[in-house]
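# Summary of structural features
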Amino acid sequence: MPTVDRTAALKLDFLVIGGGVGGLAVAYVLSKAGHRVRVLERRDLDVPGGGHRVPPNMSKILRQWIGEEELRKVSTRCTGTPFGSLRTGDLVGYLHWKPAVMAETGGEFLMMHHDDIIRILYKLATEAGARVDFHTEVVAIQQGSDSMPNPSVTLANGEVLTADMLIGADGSRSIVREVVLEEEDVVKPGGLTLYTGVVTAEEMLKDPELRPFALSDEWAIWMGPHRSLCGHPVRAKKEFFFHVYSWFGLDGQEQGGEESWDELFPTEKLNIGWLGPKMKRLVSMAPHLIRTRYMTRPNGIDDWVDATGRIVLLGDAAHPTFPGGSHPAAMAIEDAVVLGSLFSHLRMIEQINSFTSAYQELRERRCELVRLADLGNAQMVSLPDGPHAEARDEDMRRRKDDWDEGTLKAQFEEIAEIFLYDAGDAAEEWWVNWGQFSETAREQPHSHFVNFSNFVTVTVSEE
């Protein structure tokens, strides 16, 4: 039940920091529930991006939001994943995304471009009534107090905006997170540098060996020691996207970059000596690459909500995902659906703390399990030469040649927990079992709160 068709009895003013996938998605669901939402994004819609795998748990949300026909215009249905050798290009194994398995999940496995997802969500959010301000940089965040719990933000131009609630959807390097945790973000390199590129299908079609990839319905993965490459069509096969995974610098490529998607890296500086001839030509076609570094947080992120209960983290700000995984966008959209569904039930201010607590409780374990699954899959296709890699290849060859009802059942059981999940149902189940019986919600009268309709704006002098 990803679509919120209920209007909250008590409508709040929300500021959302970050206009990426999570920020725009939560702006849409909150606006649909009647809340007043303003998104602050430091860039605009035209930013570099790559491809996304859109698993069934995400595609069924998008399908309900925009319809099957619109979704088909910008996506390709994935029919399978061939696993090949990065050195030779030889096929090692094949994972069928069987229609019967996908049908059980209620969605499809799609392949899309980041830009198409962003523009879909932007259109949904603005048509639902959300305001999106581009080129708007937040430089400071102020928590509320006991007497005035409403948070505020200071913009680079000196303006101060205040609202009832603030959502930090500003990515892995979130400035909102430090306010929530009340400590500096401590990170260390996780061993991976990721390079993302996009090439035109028109260019690939000129190469007889690359042409099949441009025309395919597959998400292909090439495996090598301490390195791997994956790619698939995007923009309904008008372009082809790829990721190059470089682990620990053991492939001759120096580790580097930031935990962001902002750095453009010259294609000619990437060491492609370890790629086979076909993959060398593919990577060389990209006009530039985006370099991203995987970081880990030894201390974790224990709190997604600040001490006042009015500042909430969402998406990578709450649970930094594994870059290059199949689920970062899905996790952000699921976060948005859960938070929006909960706040569609809002009828008194005292419910806020229970809703934000339920949001973290419903999402935290799932997001960590999915992150670990993405990390494990990436490590599995980059095993060093030796008995573990040989055993992996042998298992893939066996599965490729031995599909039966038992294998089909095993595949479904492996993916069921991730793909069957319905974020809206999770939120509604909590409401039915717990939320509606809250003593605060049932017995306390409406408390006074300050209505910041249209948001309070104060200009701070630079003198």
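Located above this text is the structure these notes cover.
Presented here is an overview of the structure given in this document. Values in this document were obtained by computation on a predicted structure and should not be read as measured data.

## Digging into the packing of helix H2 (residues 56–66) against helix H10 (residues 328–343)
Packing of H2 against H10 brings their axes to within 9 Å, and their N-to-C directions diverge by 55°. Accordingly, the angle class assigned to the pair H2 and H10 is oblique. Here H2 runs over H10; the crossing is left-handed. On H10, the residues that touch Asn57, Met58, Ile61, Leu62 and Trp65 of H2 are Ala329, Ala330, Met331, Ile333, Glu334 and Val337. Taken together, the residues that form the contact of H2 with H10 break down as nine nonpolar, one polar and one charged.

## A few points about the nonpolar core
Counting residues in each nonpolar core, the largest one holds 109 residues, and the members touching the most others are Trp65, Leu121, Val153, Ile333 and Phe343. Sorting elements by how many residues they give to this core places H10 first, with 11 residues. Sequence-distant contacts of Leu121, that is, excluding residues within four places in its chain, are made with Val21, Leu24, Ala25, Leu62, Trp65 and Ile333. Grouped together as the second largest cluster of nonpolar side chains are 24 residues, Leu86, Leu210, Phe213 and Trp274 included.

## Observations concerning helix H5 (residues 114–127)
Taking 1.5 Å of rise per residue, 14 residues should cover 20 Å, and H5 covers 20 Å from first to last C-alpha, within 8% of that figure. Residues of H5 that are buried: Asp115, Asp116, Ile117, Ile118, Ile120, Leu121, Leu124 and Ala125. Among the structural elements, helix H1 (21–32), strand E3 (51–54), H2, strand E7 (110–113) and H10 are those in contact with the buried residues of H5. Phi turns positive one or two residues past the end of H5, at Gly129, with a value near 115°.

## Points about the packing of aromatic side chains
Tallying each qualifying case throughout the model produces 16 aromatic pairs. Ring geometry for Phe213 versus Trp222: centroids 5.2 Å apart, planes at 80°, classification edge-to-face. Between Arg366 and the ring centre of Tyr421, over which it is positioned, the NZ or CZ distance is 3.9 Å.

## Brief notes about the pairing of strand E10 (residues 152–155)
With burial as the criterion, each face of E10 is covered, one bearing Ser152 and Thr154 and the other bearing Val153 and Leu155. Judged from the three bridges that link them, E10 and strand E11 (residues 159–162) form a sheet pairing that is antiparallel. In the sheet register, Val153 faces E11, and the bridge partner there is Leu161. Where E10 folds back on E11, the antiparallel hairpin that results is connected by three residues, among which Gly158 adopts a positive phi of roughly 100°.

## Details of the pattern of salt bridges
Applying the stated criterion across every chain, the model contains 33 salt bridges. Among the salt bridges present, the one from Arg72 reaches Glu108, with a minimum N-O distance of 2.6 Å. Placement of the pair is Arg72 in helix H3 (residues 68–73) and Glu108 in the loop between helix H4 (99–105) and E7, with a sequence separation of 36 residues. When the shortest N-O distance is used, the salt bridge between Arg297 and Glu259 registers 2.8 Å. With Arg297 in the loop between strand E18 (289–296) and strand E19 (311–313) and Glu259 in the loop between strand E16 (239–247) and strand E17 (263–265), this residue pair connects regions lying 38 residues apart in the sequence. Classification of Glu259 as buried rests on a relative accessible area of 11%.

Procedures and definitions
Residues numbered from 1 in each chain as written. Predicted model: local features only at pLDDT ≥ 70, side-chain atom pairs only at ≥ 80, totals over all residues. Heavy atoms only, no water. Axes fitted to C-alpha atoms, helices over the stretch in contact; angles between N-to-C directions. Helix = DSSP H or I, 4+ residues; strand = E, 2+ residues; numbered from the N terminus. Parallel < 35°, antiparallel > 145°, perpendicular 65-115°, else oblique. Left-handed = near helix turned anticlockwise from the far one by under 90°. Contact = heavy atoms within 4.5 Å. Nonpolar A, V, L, I, M, F, W, Y, C, P; charged D, E, K, R; others polar. Core = buried A, V, L, I, M, F, W, Y, C linked by side-chain atoms within 4.5 Å. Buried < 20%, exposed > 50% of the residue type's maximum accessible area, 1.4 Å probe, protein only. Expected span 1.5 Å × (residues − 1). Phe/Tyr/Trp six-rings, centres within 6.5 Å; stacked < 30°, edge-to-face > 60°. Lys NZ or Arg CZ within 6 Å of the ring centre and 35° of its normal. Pairing = 2+ DSSP bridges. Salt bridge = Lys/Arg side-chain N within 4 Å of Asp/Glu carboxyl O.

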